[in-house]
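The residues making up each chain are set out below.
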Amino acid sequence: MPLRQPAARAAGADRVGRLVRPLPAGLAALPSLGRWIRVADDGRVVALTGKVEIGQGLLTALRTIVAEELDVEPGRVQVVSAHTGRTPDEGTTAGSMSIETSGANLRQASAWARRLLLERASNRLGVPVARLDVADGEITAPGVNERVDYWQLIDAAFLDFEIPKRTPEKSPAEYRWVGHAGQRRVDVEAKATAAAFVHDAPAELHARLVRPPSVNHRLAELDIRVASPGTLVVDGSFVAVAHPKESEAVRWAERVAAKAHWRLAFGSPRAEIDEQRRAGAEAFPIRDGRPVRGPRQEMPTTFRATYSRPFLMHASLGPSAATALWRAGHASTPRLVIESASQGIESLRGVIARAMALDVDHIEIRHVAGAGCYGHNGADDAAFDAALVARAVPGRTVLLKWSREDEHGFEPLGPPMHVEMGAELDARDRVEAWTHDVYGFTHVSRPSPRAAGVDLLSARLLGQPLEPSTPRPALAPEVGIHRNALPIYAFPAQEVTKHFIADAPVRTSALRGLGAQGNVFAIESFMDELALEAGVSPDDFRRRHLGRDARAVAVLDAALAASGGLAGNRGMGLARYKNRQCCAAVVAEVAVDDSTAEIRVAKLWIAADAGRVIDPDGLRNQLEGGAIQALSWCLKEAVAFDAQGAVATRDWESYPILRFSEVPTVETVLVDHPELDPVGAGEATVGPTSAALANAVFAATGLRVRDLPMTPERLRQVAAS
Amino acid sequence: MIAFRLDGRAAQFSQDQRDTPLIYVLRDDGLREMTPKFGCGLEQCGACRVLVDGSPEYACTLPAGAVANRHVETSAGMDGAVRRALIDANATQCGYCLPGIVVAAEALFRVDPHPTRDRIAEALDAQLCRCGSQPRVLRALTALAGS
């Protein structure tokens, strides 16, 4: 066996052998300070991030991190977000990773900026760095009359500085803003008072789509002329109209739709994850966190239960939209300029470049806010749609918007899940064997330049179709179907298996939490079922299996302390997102109406440990938003399909979501660890909330609901069975 | 031209737009009042809410001609305590539903400055929010009602 490197060497150690952490990955890849932090000469600080604001409060949190590390008032910091060629490429804003990655990059870059500025001030004032004080960018030293500020100390060399290694960051004990309440979101006022979304962008032409009934339909006949100044754009089965007036674009789209005849070109497989589908699934038991091909190990299990969720929608409140300008003249660079609410503008650029046979450098994409997306919704597709229309009308900026029907009918859906749980209890009523088999379609089909196909909706509709990628099983740890399939608990023996079904009937992709919602719903419902068998309270049963996970126990205890316990119509759920990020426990209290079988959630208590808290209010907002969205999924939501495989639930009446009168009051407790790095939390509560709800319904009614959504009809079915 | 008032100022649009849904007239190049948001076009989500002579209406379906000589108010013009309370409480996430919520809440608080949580929820029930901001919207407005 080869000798292992000492841990300190592997991580990089300084001369006296102290552990030195490597640079954050983003900075290591792009070490030019000026690509991250610029001290503008007008008294501002500009921070550049490749991540985007999707309603999660990211720009506010990054501003707080930069202000804290640089010792300037947060109001001086402007955060510039994702813009190709201008901001660092930090990948897709997904997986609750932005605070961890972009936050770490900007924190370290800010620490370097402060260090360089203080070194310059030290030379200027003739005072050692250790004796300098900084307040809002102004540098002083005791007993020295002269003072100097950041903005007097910058020059070109400052911007060009290449960060060589890590510099010490501020101690959390000195924090003034990070972890403290009172930061108002940077983007909210504008959203209530002015143009703020890509939907509001100025444009010379407004465009609307005329979509087929489903992606399996193709255009058979279209005989209509659109009167000038309108334009009809037809490329195969991609049909759109553009008009200088938005209301006219809408009207013409309706007229064109009435004249368009479509034929069903392809059959659609069954939508359900039925027995036949499960039998044909490819099994990947998880070994050392990774799904691997091979047989799953059989384990005898006395207790078994099966849980499921249906197809779900992201259901953004604003239909997807984008602007595009195809510049006239072959010499123009860039040729194509796009504004999009995409979570991954760099990937989107690569895929559009391939689809339109352009050089990547000939496309510029700037992120502009859209309505909340909660994962991979129609934002990328709409950007490509806008580009297709723009190419047909060079020289004019096109603002293309999907209709509500387009959004509900054609967004990539959150895939259904089927989870089979099994367990054996020992003589002391502890779990001695545990099995978890999760079946489903892909959760990962974002457009990517590395993918084999062009994963933008309209690509397959073009006269020369560009086919989407064939779904493949994701085999990295904690991705897709198997995200949070590994339990948080320490069981003596367990077999957790991902079962991948390739032939999805429709496009499915990332919805907030990916597989974590269905897996945690199953695990935490099953834990309550086993606790009942064991004759132990749900919280004690969990505690006895949490082993040495003190942080999880602390979160569980915090939720119980806040709620006063599980007596009455209450249930709980617990999970650590991806088994490494935010740990959240949720207690739900419900009332179930005997006559209508309607479930009303009266109150939620959330406790969460996300490491160091950057913005307590922003963190609460994310935890609560995830919890409310999960309640909506679990109580109301299911996509339905018609006989031809088209989405039948194309408005808010057929696809209802939770309303103001239906939301509980929510109390949230944060378990802060200033000494630890922060982790993302936007997806942490969806699983625990789903299980807490099911467990509370059981407490209230004695009915164990294992199939979502928990509609009155479902409750009656369970009661009758 | 058809004349009306928009957030306290005189405004107008051409006769041939009288059957056009109000939202397009408000957002068109002439007026560019962008806070009413298109969400569904079906009176199902409330993102387009405006007040017409103090009463909440769906701008996505209301023919523009219906506001002739009347006062249309949007979130942009509602610089009172309701909008302030929501902004100060960060009572939103993506913010797309926020202008409609400001409008619906403003309508309630004008007739009832001290509504209960249930009353506020009832007044906002036609306003959808997908991000799950409802609890903090209700907290912010309940606090305002008690102040």
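Residues numbered from 1 in each chain as written. Chains lettered and ligands numbered in written order. Predicted model: local features only at pLDDT ≥ 70, side-chain atom pairs only at ≥ 80, totals over all residues. Heavy atoms only, no water.

Novice: I'm lost on the confidence of the model for chain B in this one. Help?
Specialist: Detailed conclusions should not be drawn from predicted coordinates in areas where pLDDT is low. Per-residue pLDDT for chain B has a mean of 97; in total, 100% of the residues score no lower than 70. In the predicted complex, the global pTM is 0.96; the interface-specific ipTM is 0.98. (pLDDT = per-residue confidence, 0-100.)

Novice: Is there a simple way to think about the pattern of salt bridges in this case?
Specialist: Side chains carrying opposite charge are able to pair once their charged atoms draw close together. Tallied over the full model, the rule gives 59 salt bridges over all chains. Measuring nitrogen to oxygen at the nearest pair gives 3.3 Å for the salt bridge that ties Asp 539 of chain A to Arg 543 of chain A. Of this pair, Asp 539 of chain A and Arg 543 of chain A are both found in helix α13 (residues 538-543), 4 residues apart, which corresponds to roughly one turn of the helix. One salt bridge in this structure joins Arg 139 of chain B and Glu 624 of chain A, with 2.9 Å as the shortest N-O distance. On the criterion of chain membership, the pair formed by Arg 139 of chain B in helix α5 (residues 134-146) and Glu 624 of chain A in helix α15 (residues 616-636) is interchain, its members lying in two chains. Since its relative accessible area comes to 37%, Arg 139 of chain B is described here as partly exposed. The buried category is assigned to Glu 624 of chain A, whose relative accessible area is 3%. Here the salt bridges do not stand alone but share partners, grouping Glu 53, Arg 185, Asp 187 and Lys 191 of chain A into one network. (Salt bridge = Lys/Arg side-chain N within 4 Å of Asp/Glu carboxyl O. Helix = DSSP H or I, 4+ residues; strand = E, 2+ residues; numbered from the N terminus. Buried < 20%, exposed > 50% of the residue type's maximum accessible area, 1.4 Å probe, protein only.)

Novice: I keep staring at the domain arrangement of chain B and nothing clicks. Help me out?
Specialist: Size of an interface, as often reported, equals the accessible area lost when the parts are brought together. Residue and element names in this part refer to chain B. Segmentation of chain B into domains returns domain 1 (2-74) and domain 2 (77-145). Taken over C-alpha atoms, the centre of domain 1 sits 21 Å from the centre of domain 2. In this complex, domain 1 contributes 16 residues to the contact, which on the side of domain 2 involves 11 residues. Remark: the boundary between domain 1 and domain 2 carries 1 salt bridge. We note a salt bridge from Glu 73 to Arg 110, for which the minimum N-O separation is 2.7 Å. The tally of links from domain 1 across to domain 2 stands at 7 residue pairs in polar contact (both at pLDDT 80 or more). At the level of elements, β3 (49-52) and β4 (55-58) are the ones that each hand at least two residues to the side of domain 1 that touches domain 2. Looking at which element gives the most residues to the side of domain 1 that touches domain 2, the answer is β3, with 3 residues. In terms of residue class, the side of domain 1 that touches domain 2 is built from 7 nonpolar, 5 polar and 4 charged. (Domains from an automatic or database assignment. Contact = heavy atoms within 4.5 Å. Polar contact = N/O pair within 3.5 Å; in protein donor to acceptor, adjacent residues only side chain to side chain. Nonpolar A, V, L, I, M, F, W, Y, C, P; charged D, E, K, R; others polar.)

Novice: Which parts of the structure should I look at to understand the packing of aromatic side chains?
Specialist: Centre distance and the angle of the planes are the two values used to describe a pair of aromatic rings. Residue and element names in this part refer to chain A. Taken as a whole, this structure holds 11 aromatic pairs over all chains when the rule is applied. Here the aromatic rings of Tyr 307 and Phe 521 are separated by 5.8 Å at their centres, their planes lie at 80°, and the arrangement is edge-to-face. Of this pair, Tyr 307 sits in strand β14 (residues 303-309) while Phe 521 sits in helix α12 (residues 516-534), and the two are 214 residues apart along the sequence. Look at Tyr 307 and you get buried, because its relative accessible area is 0%. Residue Phe 521 is classed as buried on the basis of its relative accessible area of 1%. These aromatic residues form a ring-pair network of at least three members: Trp 434, Tyr 489, Phe 491 and Phe 526. Over the ring of Phe 410 we find Arg 211, and its NZ or CZ is 5.7 Å from the ring centre. The ring of Trp 252 is capped by Arg 255, whose NZ or CZ atom sits 4.4 Å from the centre of that ring. (Phe/Tyr/Trp six-rings, centres within 6.5 Å; stacked < 30°, edge-to-face > 60°. Lys NZ or Arg CZ within 6 Å of the ring centre and 35° of its normal.)

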